[in-house]
Amino acid sequence: MPSYAITGAARGIGFEYVNQLSADSGNTVFALVRNKATATKLEELGRHNVHIIEADITDTKALKDAAAEVSSRTGSSLDYLINNAAFVEPERDGLTLDSYSSAELLTKDLLDSFNINVIAIIHTINIFLPLLKNGKAKTVVTLSSGLGDLDMTMVAEFANSAPYSISKAAVNMVNAKYATQYKPEGFVFLALSPGLVDTSTRAPTEKELEQFKAMLGNFRNVAPDFTGPITPETSVRMQLEVINRLTVNDTGAFISHKGNKEWL
Ligand SMILES: NC(=O)c1ccc[n+]([C@@H]2O[C@H](COP(=O)([O-])OP(=O)(O)OC[C@H]3O[C@@H](n4cnc5c(N)ncnc54)[C@H](OP(=O)(O)O)[C@@H]3O)[C@@H](O)[C@H]2O)c1
């Protein structure tokens, strides 16, 4: 009975991980959400093998309580940890590092991105490591982004989404640090980009639509035939194919849902 813990599972890619993994009744799936009251889609799944646990990943006490609950249900083990939760600043995503209206706002976005997308992930891994050591798969997948790739940034000529991109580049190094430390114990640490995925929950504003079109233009510098985002269903299916093929020799990799460095 493989066990999976997924952070940020109330919506988007995290929800779809829970949906696809729990379709196999042999899997035990722990869906970590920031606020149980908003986890209506997970409740609606009505699957006996899904356990919804409240944990904001910036709250180490909540993470420890979550790990204790997982431990009590699995006999102190966990096979897969999927670090999916992330901070994306929607209002200022279109800005470059030098186009913020104030230094304070830029600092805020850099700190929020680093706190949630890097530091909170390190704490999540540390808190779940004792359970993962007792698991069979010993696999930690951290959702990264092609925006954290230096070559992609240069070829796409994509200067905005800077705090987010910087945090994803940093978490790739976090992944490598754990990978090199835990390879001898048979662990696989993977930084995985899901592709460009439509996880929107509302229609875009005119400004967002404009930014999105500009971004697609940038992305076509990398992939001229790129047509647009894929669905969470497609992305998670492809991510799971990558995860299911992993061996310890892949540890430390930063790859995409396609299993390579094609980010789109
Ligand atoms: N969508 C894409 O095109 C794309 C591309 C590249 C990489 N990614 C990466 O893929 C992952 C999932 O993306 P997504 O598009 O599904 O994101 P999303 O729709 O914005 O959902 C993010 C999830 O993270 C949760 N979250 C945010 N801060 C949290 C915190 N402090 N503690 C716990 N949970 C928190 C949110 O909880 P609430 O529901 O409570 O707000 C939400 O469930 C992220 O790591 C993202 O960076 C996505």
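Rules used in this analysis
- Residues numbered from 1 in each chain as written.
- Predicted model: local features only at pLDDT ≥ 70, side-chain atom pairs only at ≥ 80, totals over all residues.
- Heavy atoms only, no water.
- Helix = DSSP H or I, 4+ residues; strand = E, 2+ residues; numbered from the N terminus.
- Rg over C-alpha atoms; globule rule 2.2 N^0.38 Å.
- Buried < 20%, exposed > 50% of the residue type's maximum accessible area, 1.4 Å probe, protein only.
- Contact = heavy atoms within 4.5 Å.
- Lys, Arg positive; Asp, Glu negative; His and termini not counted.
- Charge placed at Lys NZ, Arg CZ, Asp CG, Glu CD.
- 1 Å grid on protein atoms, 1.4 Å probe; cavity = no way out; pocket = protein on both sides within 12 Å on 5 of 7 lines; lining within 4 Å.
- Points joined across faces, edges and corners; volume = space filled by probe spheres on them.
- Nonpolar A, V, L, I, M, F, W, Y, C, P; charged D, E, K, R; others polar.
- Pairing = 2+ DSSP bridges.
- Right-handed = clockwise from strand over helix to strand, strands pointing away.
- Phe/Tyr/Trp six-rings, centres within 6.5 Å; stacked < 30°, edge-to-face > 60°.
- Lys NZ or Arg CZ within 6 Å of the ring centre and 35° of its normal.
- Near = heavy atom within 4 Å.
- Polar contact = N/O pair within 3.5 Å; in protein donor to acceptor, adjacent residues only side chain to side chain.
- Areas by Shrake-Rupley, 256 points an atom, 1.4 Å probe, with all protein chains shown as cover.
- Core = buried A, V, L, I, M, F, W, Y, C linked by side-chain atoms within 4.5 Å.

Novice: When you look at the overall build of the protein in this model, what are you seeing that I'm missing?
Specialist: The secondary structure content of the protein amounts to 8 helices and 7 strands. Here the protein has a C-alpha radius of gyration of 18 Å; the compact-globule value for 264 residues is 18 Å, and the two agree. When its C-alpha atoms are laid out on the principal axes, the protein stretches across 50 × 40 × 35 Å. For the protein, buried positions account for 50% of its 264 residues. Contacts spanning at least 24 positions in sequence make up 72% of the contacts within the protein whose residues lie at least 6 apart. Each charge class in the protein was averaged separately, 24 positive and 30 negative side chains, and the resulting centres sit 6 Å apart.

Novice: Please explain empty space enclosed by the protein as it appears in this structure.
Specialist: Think of a ball as big as a water molecule: rolled over the atoms, this probe shows where empty space is left. Evaluation of the coordinates by the stated rule reveals 1 cavity of 30 Å³ or more. Here the largest cavity defines a volume of roughly 60 Å³. As for the largest cavity, its lining consists of Phe 87, Val 88, Glu 89, Arg 92, Asp 93, Tyr 100, Asp 109, Ser 113, Ser 161, Ala 162, Pro 163 and Tyr 164. When contributions to the lining of the largest cavity are tallied by element, the ones reaching two or more residues are helix H4 (103-133) and helix H6 (162-182). Considering each element in turn, the lining of the largest cavity owes the most residues, 3 residues, to H6. Grouping the amino acids of the lining of the largest cavity by side-chain chemistry returns 6 nonpolar, 2 polar and 4 charged.

Novice: I keep staring at the pairing of strand S4 (residues 80-83) and nothing clicks. Help me out?
Specialist: Consecutive side chains along a regular strand alternate between the two faces of the sheet. Along S4, one buried face is formed by Tyr 80 and Ile 82 and the opposite face, lined by Leu 81 and Asn 83, is buried too. Judged from the 3 bridges that link them, strand S1 (residues 3-7) and S4 form a sheet pairing that is parallel. When the sheet's bridge partners are listed, Ile 6 is paired in S4 with Ile 82. Pairing of S4 with strand S5 (residues 139-143), which is carried by 4 bridges, proceeds in the parallel orientation. In the sheet register, Leu 81 faces S5, and the bridge partner there is Val 140. In this fold, the crossover linking S4 to S5 by way of H4 has right-handed handedness.

Novice: Quick question: what am I supposed to make of the packing of aromatic side chains here?
Specialist: How two aromatic rings sit relative to each other is set out by the distance from centre to centre and by the angle between their planes. Enumeration according to the criterion identifies 8 aromatic pairs in this entry. A ring pair is formed by Tyr 4 and Tyr 80, whose centres lie 4.4 Å apart and whose planes are at 5°; its orientation type is stacked. You can see Tyr 4 sitting in strand S1 and its partner Tyr 80 sitting in strand S4, a full 76 residues away along the chain. For the pair Tyr 4 and Tyr 80, a shared accessibility class is recorded, and that class is buried. The structure contains a cluster of three or more aromatic residues connected by ring pairs, namely Tyr 178, Tyr 182, Phe 187 and Phe 189. When the ring centre of Phe 15 is taken as origin, the NZ or CZ atom of Lys 41, which lies over that ring, is 4.2 Å away.

Novice: Before we go on, may I ask you to explain the site of the ligand in this structure?
Specialist: Lining the immediate surroundings of the ligand are 22 residues, of which Arg 34, Asn 84, Tyr 164, Val 197 and Thr 199 lie closest. Residue Arg 34 places a side-chain N or O atom 2.7 Å away from an oxygen atom belonging to the ligand. Here an oxygen atom of the ligand and a side-chain polar atom of Tyr 164 are 2.5 Å apart. Bound to the protein, the ligand loses 88% of the 900 Å² it would expose on its own. Among the elements of the structure, helix H1 (12-22) and H6 are those that each provide at least two residues to the shell around the ligand. Tallied by class, residues from the shell around the ligand come to 10 nonpolar, 8 polar and 4 charged.

Novice: Would you explain the nonpolar core in this entry?
Specialist: Generally speaking, nonpolar side chains in soluble globular proteins are found buried as a group. Counting residues in hydrophobic clusters, the biggest one holds 33 residues, and the most contacted among them are Leu 32, Leu 78, Leu 81, Ile 125, Phe 128 and Phe 189. When contributions to this core are tallied by element, the ones reaching two or more residues are strand S2 (28-33), helix H3 (60-74), H4 and H6. Ranked by the residues each element gives to this core, the list is headed by H4, at 10 residues. Within the second largest apolar cluster, 30 residues are counted, among which are Ala 10, Leu 42, Leu 143 and Ile 255.

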